[in-house]
Amino acid sequence: METSNRFLLVFGIIIVAIVVIAVTLAVTGGNEQVKLLPETSPEGIVQRFLTAVKDQDYLKAYSYLAPQSEQIKGDSYQNWVSSTQSSRDMSSWKASILKSTVRDNNATVEVAIDVFRPEGPLANPVNTNRVTFLLQKEGDKWLINQPVDIWWLY
Amino acid sequence: MSTVRRVFFYILTLITLGILTAGLINLLSLSFDTIIARFTLAEIGDIKQQLSLGIAMVVIGGPLWFLFWGTIQRHAADAADELGSSLRAFFLNFVLIVSAFVTIFTFSVLLAWLMGACRADQFSQGSTAAFIVFAVVWYYHWRVSAGEGHATQVANTVRRWYVYILSAAALIWLSAGLVQLINTAFISLPIWEGVLVRGSFWNSGIRSTIAWILTGGLVWAFYWFYMARADSKSSLRQVYFYLLTILGSAVAGLISLTVTAYKILFWSLGGDRDVVGYFQFLGWSVPIILVAACIWFYHLRKAEEEADTEHQHQLSARRVHHYLMAFLGLGTLIAGLIVLLGIPLDWVINSLKLETIVMEQGWWNNHLSLGISMLIVSIPLWLYYWWQINAMAETGGVVERRARSRRIYLYVIIGAAVVMLAADLVNIVYQLLNGVLSGDLGVETLRNMRWSLQTVFIAVPVLIYHLRIAKQDQLLGAETGAVPKKVTVLLGDNKSPAVLLIEQKLGYKVRRLRYAGQPVHKVPQLSDVEADKLASEIRAAPAENVMLVLFEGNVMVLPYDEG
């Protein structure tokens, strides 16, 4: 067998290996359940807010936002929903926690949001947005102060 | 007349023609307002200003245009070289392109109106007036251009640009219109659930689409079958064939095929969103594939038919096509593998530390569907054309390996892989150094260089494989003697098969001189081995120029220098 053909064969084996690994991981990873964090923690609130956005349960998502937030004050629920819906498109996404800090009644939760949106043959189809959620404690409940819109889905 | 003076007259002619045209459109539009739309002058608000402007433009622009254009025409009648001059060719073809585009656009609007029962309230006076005026402008300049012929090479080339630009644009209108029509018809089928209210199919959008199909078809037929006929020898036609129609349709068809495969795979893997209208994408993706396939087959066949007349031409055309398709296939294959590699990398990153808190259903399936659909489309395409290319290289020997399209193909891939590797390595080293120096080397660093790792992993084998081929070509002599000798053949019969064989062996065309003395009876014949030997002798000749004499069965190779 010629050297170039041998190389082609190796290349073929690599392709098959990549496909098999990718299919296996995608199939098993797809069934993996995301662990629900405690509702009393800032991370748990951010997770529930994002899950509600994902499920398009806007009433529930809105309930995790701080009513006195500067970004939401004076704005009606209807306006918030319509702006949120206009931000959604057909892209799929996932969110991972990068870092969280709690100081007295304030907390920050840094989240990486990976949005899958193919834009060209050799362009990265995953666009990562880093979002820092600022939360404040009201009573025994954490609420999101900002951001309240979902620009990060773009 | 000096060049500056000629430029001056042509520019002023163009400007005054613009003023005259705008004035005529203005006045004609006003006339339509009163005649077709059945308004009275009193009913049309503020027409005095429009009327005054129109009259002023015609009264000033008309005589000036006659003056400047008349001067040019008188000069053209006196000076024979003016007719074939590049300046005149640019002027005429510029006016032809602009007026043709406006005429086509406005004709399409008029056609859509005619199909809509000619309702007076939907009549567009402005576009109808523009159609009439620009059609007259186009026809006049077309007659002028056709009457003069295309005496010089520049005039011919400029005219070809005009013809192929219009031909390509019309083909795009025709194809886009057909896809749009089928898509609209598909979406309007009464099979989709959840439709609350359905509008009329015969709406202004459909009429406009049909108008575009008819206009595009007519214009394409005119420019392609009539204007571009008997132009098989031109290089621009080859560019039109291979870079525009064949490559363009292949790209469009492959993208649609990939999207179709991706959507179907995603759905079959459990994608459950928007089930009601999910398969509506077939309304545009399948027609694009079909239309692109028709354009691809027709133009490929036509290019091959035209190339049949000359073996070298045919070989070159076939080669260009094979390398272009292999390039498309390889590009898509690489893209698919990069996407698929993202899955294990993402899995590694997530399993190391990062905590996924929300994941939309279909996140992994999206990656998998996209990657696999790209592989489904690209692997057969690349393998087929790459094997054909390898077979050509085996049989064609060093000539095939030295072919410009093969050199470009290899070096573009090697260059792109090197650039990709360099960019990836810069990012990887930067992320690592940054992590070390800031004491933050961890999963986040790995996450930041994920894309670079994906592309590096694919770019390395692609680079190595193509470097080996390039090196193999080099060893076989593909890079040596890349500057071809200027070969002139003196022979009795300029259609001798021996010359064709020599051209094939050399890989390029030779200049032919026909012996004008006594009739030659013995046409020289060369075997394949003899032709190979002769080609080697020409390449090894100690001068840049070689005279090859094929006369009465004898062959002489005479290297010579000019001057």
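If you're wondering where the values come from, they're calculated on a predicted model, not measured in any experiment.

K.L.:
Whenever I open this one, the overall build of chain B confuses me. Can you help?
P.N.:
Secondary structure summary: chain B contains 15 helices and 5 strands in total. For chain B, whose C-alpha radius of gyration is 31 Å, the value lies well above the compact-globule estimate of 24 Å for 563 residues. Across its three principal axes, chain B shows a C-alpha extent of roughly 90 × 85 × 50 Å. Out of the 563 residues in chain B, the part that is buried amounts to 34%. Contacts in chain B between residues at least 24 apart in sequence constitute 81% of all its contacts with a sequence separation of at least 6.

K.L.:
Looking at this structure, how should I read the domain arrangement of chain B?
P.N.:
You can read the domains of chain B as domain 1 (315–475) and domain 2 (486–560). A separation of 45 Å is found between the C-alpha centroids of domain 1 of chain B and domain 2 of chain B.

K.L.:
For this particular structure, what's the right way to read the sheet that holds strand β1 (residues 92–103) of chain A?
P.N.:
The antiparallel open sheet is built from 5 strands, whose spatial order is β4(A)-β3(A)-β2(A)-β1(A)-β1(B). Two strands bound the open sheet, and with one partner strand each, they are β4 (141–146) of chain A together with β1 (355–359) of chain B. Going from strand to strand, the sheet's axes swing by 35 degrees on average, the running direction of each strand aside. The sheet strands contacting helix α2 (residues 42–54) of chain A are β1, β2 (106–116), β3 (126–138) and β4 of chain A together with β1 of chain B, and the helix crosses β1(B) at an angle near 30 degrees.

K.L.:
Would you take a moment to explain the confidence of the model for chain A for this structure?
P.N.:
For any part of a model where pLDDT is low, the fine detail of the predicted coordinates should not be relied upon. This prediction gives chain A a mean pLDDT of 82; 85% of its residues lie at or above 70. Summarising per-element confidence for chain A, the mean pLDDT is lowest in helix α4 (residues 77–87) of chain A (75) and highest in α2(A) (90).

K.L.:
Would you mind showing me how to read the interface of chain A and chain B here?
P.N.:
Many descriptions give the size of an interface as the accessible area lost when the pieces come together. Taken together, the contact between chain A and chain B spans 36 residues of the former and 35 residues of the latter. When contributions to the side of chain A that touches chain B are tallied by element, the ones reaching two or more residues are α1 (3–31), α2 and β1 of chain A. When residues in the side of chain A that touches chain B are grouped by element, the largest group, 15 residues, is from α1(A). Split into classes, the residues belonging to the side of chain A that touches chain B amount to 24 nonpolar, 9 polar and 3 charged. Across 4 bridges, the pairing between β1(A) and β1(B) is antiparallel. Pairing of A:Lys94 across the sheet is with B:Met359, part of β1(B).

K.L.:
Before we go on, may I ask you to explain the pairing of strand β2 (residues 486–491) of chain B in this structure?
P.N.:
Consecutive residues of a regular strand have side chains that alternate between opposite faces of the sheet. Residue and element names in this part refer to chain B. Going residue by residue along β2, you find Val487, Val489 and Leu491 tucked away on one face and Lys486, Thr488 and Leu490 left uncovered on the opposite face. Across 4 bridges, the pairing between β2 and strand β3 (residues 511–514) is parallel. Each bridged residue has a counterpart across the sheet, and for leucine 491 the counterpart in β3 is arginine 514.

K.L.:
What should I look at first to understand helix α7 (residues 235–268) of chain B in this one?
P.N.:
Working note: α-helix, 3.6 residues per turn, so residues spaced by three or four point in the same direction. Residues and elements named next belong to chain B. The terminal C-alpha atoms of α7 lie 47 Å apart, and with 34 residues this matches the ideal 50 Å at 1.5 Å per residue to within 8%. The largest bend along α7 measures about 30 degrees and falls at leucine 247. In the stretch just after α7, glycine 270 is the one whose phi turns positive, near 115 degrees.

K.L.:
How do you make sense of the environment of B:His367 when you look at a structure like this?
P.N.:
Along the polypeptide, B:His367 turns up in helix α10 (residues 363–402). By C-beta crowding, B:His367 is classed as buried, having 25 other C-beta atoms within 10 Å. Put simply, B:His367 and B:Leu341 are 26 residues apart on the chain and 9.5 Å apart in space, counted from C-alpha to C-alpha. Excluding its chain neighbours within four sequence positions, the residues that come into contact with B:His367 are A:Ala26, A:Phe116, B:Val339, B:Gly342 and B:Ile343.

K.L.:
Would you mind going over the pairing of β4(A) with me for this structure?
P.N.:
Bridge analysis of β3(A) against β4(A) gives 5 bridges, and the strand direction is antiparallel. Along β4(A), the bridge assignment pairs A:Gln136 with A:Leu143.

K.L.:
Before we go on, may I ask you to explain the packing of helix α5 (residues 153–187) of chain B against helix α6 (residues 204–227) of chain B in this structure?
P.N.:
If you want to describe how two helices pack, look at the angle between their axes and the distance between the axes. Between α5(B) and α6(B), the shortest axis-to-axis distance is 7 Å and the interhelical angle comes to 150 degrees. The two elements α5(B) and α6(B) cross, and the hand of that crossing is left-handed.

K.L.:
Looking at this structure, I do not really get the environment of B:Gly18. What am I missing?
P.N.:
All names here are of chain B. For glycine 18, the location among the structural elements is in helix α1 (residues 3–35). For glycine 18, a count of 16 C-beta atoms within 10 Å corresponds to the partly exposed category. Along the backbone, glycine 18 and glycine 61 are 43 residues apart, and their C-alpha atoms lie at a distance of 8.0 Å.

K.L.:
Explain the confidence of the model for chain B to me, please; I cannot follow it from the model alone.
P.N.:
All names here are of chain B. With 92% of its residues at a pLDDT of 70 or more, chain B shows a mean pLDDT of 86. At the low end of the mean pLDDT range in chain B sits helix α14 (residues 497–506), at 78; at the high end sits helix α3 (residues 86–115), at 94. Scored by ipTM, the complex comes to 0.78, with pTM at 0.77.

K.L.:
Where do I start with the sheet that holds β2(B) in this structure?
P.N.:
Sheets are built from strands that pair by backbone hydrogen bonding, the pairs being arranged parallel or antiparallel. Residue and element names in this part refer to chain B. Pairing within the open sheet is mixed, and its 4 strands lie in the order β3-β2-β4-β5. In the strand order of this sheet, the two ends are held by β3 and β5 (554–560), each with one partner. The mean angle between the axes of side-by-side strands here comes to 20 degrees, regardless of whether they run parallel or antiparallel. When β2 meets strand β4 (residues 545–551), the two strands line up parallel, connected through 6 bridges. Counted as the bridge partner of valine 487 is valine 546 from β4. Along the sheet, helix α15 (residues 528–539) makes contact with β2, β4 and β5, crossing β5 at roughly 15 degrees.

K.L.:
I tried to follow the packing of helix α11 (residues 404–437) of chain B against helix α13 (residues 450–475) of chain B on my own but got confused; where do I start?
P.N.:
Residue and element names in this part refer to chain B. Two elements in contact, α11 and α13, have axes separated by 8 Å at closest approach and are oriented at 145 degrees. Note on packing geometry: the crossing formed by α11 with α13 is left-handed. Along the contact surface, α11 presents Leu410, Ile413, Ile414, Ala417, Val418, Met420, Leu421, Asp424, Asn427 and Ile428, while α13 presents Ser452, Thr455, Val456, Ala459, Val462, Leu463, His466, Leu467, Ile469 and Ala470.

K.L.:
How do you make sense of the nonpolar core when you look at a structure like this?
P.N.:
Grouped burial of nonpolar side chains is what soluble globular proteins tend to show. A:Val46, A:Phe49, A:Ile144, B:Ala170 and B:Leu337 are the most contacted members of the largest nonpolar core, which has 130 residues in total. Looking at which element gives the most residues to this core, the answer is helix α9 (residues 311–352) of chain B, with 15 residues. Not counting chain neighbours up to four residues away, the residues in contact with B:Ala170 comprise B:Gly216, B:Val219, B:Trp220 and B:Tyr223. With 15 residues, the next largest nonpolar core counts B:Leu491, B:Leu526, B:Ile538 and B:Val546 among its residues.

K.L.:
Would you mind showing me how to read unusual backbone geometry here?
P.N.:
Among all residues save glycine, negative phi is the norm, and among peptide bonds the norm is trans. Residues and elements named next belong to chain A. The linkage connecting glutamine 146 with the following residue, proline 147, adopts the cis geometry, with an omega of 0 degrees. Its location among the elements puts proline 147 in the segment after β4. Although it is not a glycine, glutamine 56 sits at a positive phi angle of roughly 60 degrees. One can find glutamine 56 in the loop between α2 and α3 (58–62). Its identity is not glycine, yet aspartate 104 carries a phi of approximately 55 degrees, on the positive side. Mapped onto the elements, aspartate 104 comes out in the loop between β1 and β2. Judged by the 7 C-beta atoms lying within 10 Å of it, aspartate 104 falls in the exposed class.

Rules used throughout
- All chains use their own residue numbering, which begins from 1 and follows the written sequence.
- Working convention: letters from A go to chains and numbers from 1 go to ligands, in the order in which they are written.
- Thresholds applied to this predicted model are a pLDDT of at least 70 for local features of residues and 80 or more for the giving and counting of side-chain atom pairs; totals over whole chains, interfaces and linings are not thresholded and use all residues.
- Here a strand is any run of E in DSSP of at least two residues, a helix any run of H or I of at least four, and the numbering for each starts at the N terminus.
- Put simply, the radius of gyration uses C-alpha atoms, and a globule should come to 2.2 Å times the residue count raised to 0.38.
- Exposure classes come from backbone-placed C-beta atoms, where a residue is buried if 20 or more other C-beta atoms lie within 10 Å of its own, exposed if 12 or fewer do, and partly exposed in between.
- Throughout, a pair of residues is in contact if the C-beta atoms placed from their backbones lie within 7 Å.
- Just so you know, the domain bounds were taken from an automatic or database domain assignment.
- Any two strands with at least two DSSP bridges between them are considered paired.
- Fitting a line to C-alpha atoms yields each axis, with helices limited to the stretch in contact; the angle taken between N-to-C directions then spans 0 to 180 degrees.
- One number per residue, pLDDT, summarises how confident the predictor is, and it ranges from 0 to 100.
- Polar here means any residue outside two lists: the nonpolar Ala, Val, Leu, Ile, Met, Phe, Trp, Tyr, Cys and Pro, and the charged Asp, Glu, Lys and Arg; Gly therefore counts as polar.
- To estimate how far a helix should reach, multiply one less than its number of residues by 1.5 Å.
- To get the bend at a residue, fit one axis to the 7 residues ending there and another to the 7 starting there, then take the angle between the axes.
- In this scheme the crossing of two helices becomes right-handed for a clockwise turn of the near helix relative to the far one and left-handed for an anticlockwise turn of less than a right angle.
- As used throughout, a nonpolar core is a set of buried Ala, Val, Leu, Ile, Met, Phe, Trp, Tyr and Cys residues joined through C-beta atoms within 7 Å of each other.

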